[in-house]
Amino acid sequence: MSRIPLRERLAEPPPGPSRPGFWRSPLRGPWLTAFFGSVLLVGLLLVSLTGFLSHAAYRPALGRNAIVPLDRDLPITLPWPSGGPDWLYALNQGVHVTLGVVLVPLILAKLWSVIPRLFAWPPVSSPAQALERLSLLLLVGGAGFQFATGIVNAQIYYPFSFNFVLAHYYGAVVFTGAFLLHAAIQMPKVRRAARERGVLKPLLDAEASRRPEERSPEEAHDLVAPDPAPATISRRGLVGMVGGAMGLVFLTWGGQSIGGPLRKVAVLAPRGRGMDRYAQGFVVNKTAASARVTRETTGAGYRLVVAGPGGRSVELSREELLAMPQTTTSCAISCVEGWSTRQRWTGVLLTDLAARVGAADGMALTALSLQPAGVLRQASFSAGDVHATNAMLALAVNGEPLALDHGYPARIMVPGLPGVHQTKWVGRLTFFREA
Ligand SMILES: Nc1nc2c(c(=O)[nH]1)N[C@H]1C(S)=C(S)[C@@H](COP(=O)(O)O)O[C@H]1N2
Ligand SMILES: [Mo]
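A quick note: this is a predicted structure, and the numbers were derived from the prediction, not measured.

Caption draft 1: Structural view of the site of ligand 1. Near ligand 1 you find 18 residues, and of these Asn 285, Gln 371, His 406, Arg 411 and Lys 424 are the closest. The contact in question runs from a nitrogen atom of ligand 1 to an N or O atom on the side chain of Ser 369, over 3.2 Å. In isolation ligand 1 has 530 Å² of accessible area, and contact with the protein removes 98% of it. Residue classes in the shell around ligand 1 are distributed as eight nonpolar, seven polar and three charged.

Below, the structure written as structure tokens:
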């Protein structure tokens, strides 16, 4: 039995990754971590911001749109315009999803750069440090959860036994809080690294790019290996590799949002090429068969019910809808999962339908699908959305009657809102006063 007192024994790290000499990469150091961290900070701010904007675009306070029960939502919702240009949500989600996946190699590199800290000895040295490590648990755990569930969802794969949207939203609150706190705590180190080692100097100069960072006397655990191994790659090479990996992810994924020739190489994105179900030349997100919408309910007996204030309602056949004034407009479907597609839609303005049941200007709308079940069978629109230019109940696309998979007999097409709001197989429109 050793006679060394416990305190002293604990002061000495156990053999393995907690020993200072264990980590030997000559590339690790406060500068490298600050560099990866700063780039990541900008990226994560954008991913978070576009995520919360997307939440706002859902109109979570209206009808049954609420993702989170209203009394449990954050007290602030970001603004999202009504009648905004249709590319706005496409851009928002393109950035959210594409940038999200593009950041994965950078996140891995950032984690690699700080891995010795995970094994810091002693694990906890003060209450303040314990709190900091707890916040790191939320940060790394939150990042893992947000990126894993988000990417799996953007791959149109839903293995979750929980509500993804709800979990991703609460996860975002925790993760965003944790990373803002982390950024604030680490900012002095980032500043010092830039001041003492130069903003880009350890990268630009070929010779400096091969040299280990200098150990700073102020920072006892400053990530610089005390016994560095010879370099197998320069710092430049590492940064180039991470940047290259990010570029590759962008090339193989971004095309579903950006379109053009990039779409052909977007082999990792579900809505690039290959896995898609198409009708009328553009992607179908949910087929009529999978939504259990049949030819019977959408056939000759179809009547659209339009309900307004004071119990007023009318029933309209597809022929009667086609007999109303028709408007044609180009409008994008922009899915929350990041892909989008722009087509020319023809149909009846929502304001004309509101007028049929005496719904006044300030009234909001809920559209209900013939689809018998599922959260996306209904969506609610603010009064501003109803009055947005060219907000319509579409009956035709690119000059042809809608295919059943694209929402025949009628679907909503409101510019500037997420794809989930472009309700297909609409059976009922209810105008109501916003609370
Ligand atoms: N009734 C109904 N409408 C719906 C959906 C749905 O599942 N059910 N999916 C929505 C989503 S998420 C998107 S992105 C668009 C896709 O339209 P598309 O299948 O015509 O491309 O339809 C929307 N309308
Ligand atoms: Mo969607």
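Caption draft 2: Inspection of the sheet that holds strand S8 (residues 378-381) at higher detail. Strand order in the open sheet formed by five strands is S4-S3-S12-S7-S8, and the pairing between neighbours is mixed. Of all strands in the sheet, those bounded by a partner on one side alone are strand S4 (313-316) and S8. On average, each strand axis in the sheet is inclined to that of its neighbour by 15 degrees, with strand direction left out of account. Pairing of strand S7 (residues 363-369) with strand S12 (residues 426-433), which is carried by seven bridges, proceeds in the antiparallel orientation. Bridging from a neighbouring strand, Leu 365 pairs with Phe 431 of S12.

Caption draft 3: Region of the structure containing the pairing of strand S3 (residues 304-307). Burial of the side chains of S3 extends over both faces: Leu 304 and Val 306 are buried on one face and Val 305 and Ala 307 on the other. One ladder, built from four bridges, connects S3 with S4; its direction is antiparallel. Within the sheet, the bridge partner assigned to Ala 307 lies in S4 and is Ser 313. Linkage of S3 to S4, two consecutive antiparallel strands, is achieved through a turn of five residues, within which Gly 310 is found at a positive phi near 65 degrees. Across three bridges, the pairing between S3 and S12 is parallel. Bridge pairing in S12 places Val 305 opposite Arg 428.

Conventions used here
- Residues numbered from 1 in each chain as written.
- Chains lettered and ligands numbered in written order.
- Predicted model: local features only at pLDDT ≥ 70, side-chain atom pairs only at ≥ 80, totals over all residues.
- Heavy atoms only, no water.
- Near = heavy atom within 4 Å.
- Polar contact = N/O pair within 3.5 Å; in protein donor to acceptor, adjacent residues only side chain to side chain.
- Areas by Shrake-Rupley, 256 points an atom, 1.4 Å probe, with all protein chains shown as cover.
- Nonpolar A, V, L, I, M, F, W, Y, C, P; charged D, E, K, R; others polar.
- Pairing = 2+ DSSP bridges.
- Helix = DSSP H or I, 4+ residues; strand = E, 2+ residues; numbered from the N terminus.
- Axes fitted to C-alpha atoms, helices over the stretch in contact; angles between N-to-C directions.
- Buried < 20%, exposed > 50% of the residue type's maximum accessible area, 1.4 Å probe, protein only.

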